[in-house]
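Here is how the chains run, residue by residue.
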Amino acid sequence: MMSSTDLTPADASLTPATRWVVVISGGILMGLSLGIRHTQGLFMQPVTSGHGWSLETFGLALALQNLVWGLAQPVTGLVADRHGSGKVLCLGILAYGLGLYLMAQAREPAGFMAANGVLVGIALSGTAFGTVYGALSRIFEPRLRSWALAVAGAIGGLGQFCLVPFVQRLLAETGWRNTAIMLGLLVLASLPLAVPLRARPQERQEGVPDRPVGASVRDAMRRRGFWLLNLGFFACGFQLAFIATHLPAYLLEHGLSLEQAGTALALIALANIFGTYACGRSAGLWRVKHLLAGLYAVRVAAMLLFLSMPVTAASAYAFALVMGFLWLGTAPMTNELVLRMFGLRYIATLFGIVFLGHQVGGFFGVWLGAWVYDLTHSYDWLWIGAIAIGCVAAAAHCLIDDAPLAASDRPGLRAVRS
């Protein structure tokens with residue numbers, strides 16, 4: 001079967017200017033998609049107080065969004081692998097705009113969960129890094145791939161940073177319903193950016209049959225490293241979803257203002273610009289599994305230090321900067337690790353399956369955060385859980401066998417590395 005080196009990326013026919021158009025388009029789409037999701041914590045108080053709902057109701061909607069995003073990602077990845085990324089991106093953008101509009105119109109918890117949980121979750125699977133990184137991995141040749149993913153990730157981080165104060169101001173001036181509608185219109189306006197990313201599936205090598213996706217997935221699932229990747233990404237999703245959703249409430253509980261809580265979220269997004277770029281570039285230079293293990297270890301150290309100090313604006317901002325630098329750097333590095341282990345042919349599908357682990361973790365990070373707080377009026381147990389699972393993730397990545405899977409790429413070979 002064909003290896004990743006047998007595939008001819010479209011980058012060979014692109015001019016330098018066109019390469020920048022592709023990367024910037026991907027970055028802006030990710031910035032909008034993930035930036036709107038990053039500001040969900042700012043909606044928590046106005047939505048729950050306006051409707052008279054419990055914190056758990058809002059938390060369950062966001063938890064459902066994380067879970068649906070993860071469940072949909074392998075499906076959208078498979079569609080992108082077979083039919084190209086452009087169609088997936090366009091449908092994701094349309095679903096995102098509709099989901100935000102219906103979220104604003106919802107009057108009951110079920111309607112809010114269907115819009116912000118199910119529809120937006122599906123939309124994220126078609127517009128965030130699972131689809132964008134898959135498209136860039138196909139378009140760019142190996143020598144430029146880490147650059148493309150790093151720059152697109154940094155631009156996406158910049159978009160998230162800009163959206164935090166923008167959404168804060170909209171919430172203060174127009175209310176949460178109008179804010180959601182305006183964000184939906186902003187997403188719909190980005191539809192033309194899907195055109196430069198319409199990467200087609202890779203051409204088959206002449207005379208060599210294409211390997212079925214089912215066989216590729218089965219081979220991956222027989223490998224221990226694939227499940228260790230899922231475990232590590234589960235930890236990442238738990239930590240990020242918990243912090244993004246509940247950090248504002250945690251800071252408010254400790255006497256900080258809503259503006260200071262919003263500033264902490266903005267600093268996470270600001271540091272993420274540089275962290276995603278640094279992690280993306282590092283993935284092309286050093287052994288990725290060691291980088292990921294180190295990243296999770298530093299996250300654990302940052303949380304331990306933050307919890308050992310009094311909660312002040314300065315300590316919150318310092319924690320936000322450190323966590324922000326380590327925020328989404330896991331995505332390009334995990335994408336690169338999946339690519340190196342299993343090849344390029346079904347990169348979006350296999351990354352989507354690994355990403356499901358991330359979103360299952362995100363579901364528990366959001367929902368348990370709300371449930372435990374309603375039960376105990378404290379986030380202490382969630383912080384302990386985030387620290388413990390970070391230690392597990394660091395150890396899991398050290399144990400990954402990251403050698404290429406021979407049976408996925410070579411004709412006549414069925415031996416699968418365990």
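In what follows, the structure referred to is the one given above.
Residues numbered from 1 in each chain as written. Predicted model: local features only at pLDDT ≥ 70, side-chain atom pairs only at ≥ 80, totals over all residues. Heavy atoms only, no water.

Novice: Quick question: what am I supposed to make of empty space enclosed by the protein here?
Specialist: One simple way to see leftover space: roll a probe sized like a water molecule over the atoms. Following the criterion strictly, the structure yields seven cavities of 30 Å³ or more and no others. By volume, the second largest cavity is sized at about 110 Å³. Sorting the residues of the lining of the second largest cavity by element identifies α1 (16-38) and α9 (224-253) as the ones contributing at least two each. A per-class count over the lining of the second largest cavity returns seven nonpolar, three polar and one charged. (1 Å grid on protein atoms, 1.4 Å probe; cavity = no way out; pocket = protein on both sides within 12 Å on 5 of 7 lines; lining within 4 Å. Points joined across faces, edges and corners; volume = space filled by probe spheres on them. Helix = DSSP H or I, 4+ residues; strand = E, 2+ residues; numbered from the N terminus. Nonpolar A, V, L, I, M, F, W, Y, C, P; charged D, E, K, R; others polar.)

Novice: What am I meant to see in the nonpolar core here?
Specialist: Burial of nonpolar side chains together is a common tendency in soluble globular proteins. Counting 131 residues, the largest nonpolar core has F129, L251 and W383 as the members making the most contacts within it. Sorting elements by how many residues they give to this core places α9 first, with 15 residues. (Core = buried A, V, L, I, M, F, W, Y, C linked by side-chain atoms within 4.5 Å. Buried < 20%, exposed > 50% of the residue type's maximum accessible area, 1.4 Å probe, protein only.)

Novice: Is there a simple way to explain unusual backbone geometry in this structure?
Specialist: Trans is the common state for peptide bonds, and a negative phi is the common state for residues other than glycine. Residue H377 is not a glycine yet carries a positive backbone phi of 55°. Along the chain, the position of H377 falls in the loop between α14 (347-376) and α15 (380-398). Note on H377: relative accessible area 58%, which makes it exposed.

Novice: Would you mind going over the packing of α9 against helix α11 (residues 288-308) with me for this structure?
Specialist: How two helices pack is summed up by the angle between their axes together with the distance between the axes. In contact at an axis separation of 12 Å, α9 and α11 are set at 25° when each is read in the N-to-C sense. Accordingly, the angle class assigned to the pair α9 and α11 is roughly parallel. Considering how the two elements wind past one another, α9 and α11 form a crossing that is left-handed. Contacts between α9 and α11 involve G232, F233, C236, Q239, L240, Y250 and L251 on the former and, on the latter, Y296, R299, M303, F306 and L307. Class assignment for the residues of the contact of α9 with α11 results in nine nonpolar, two polar and one charged. (Axes fitted to C-alpha atoms, helices over the stretch in contact; angles between N-to-C directions. Parallel < 35°, antiparallel > 145°, perpendicular 65-115°, else oblique. Left-handed = near helix turned anticlockwise from the far one by under 90°. Contact = heavy atoms within 4.5 Å.)

Coordinates in, geometry out; function isn't part of it.
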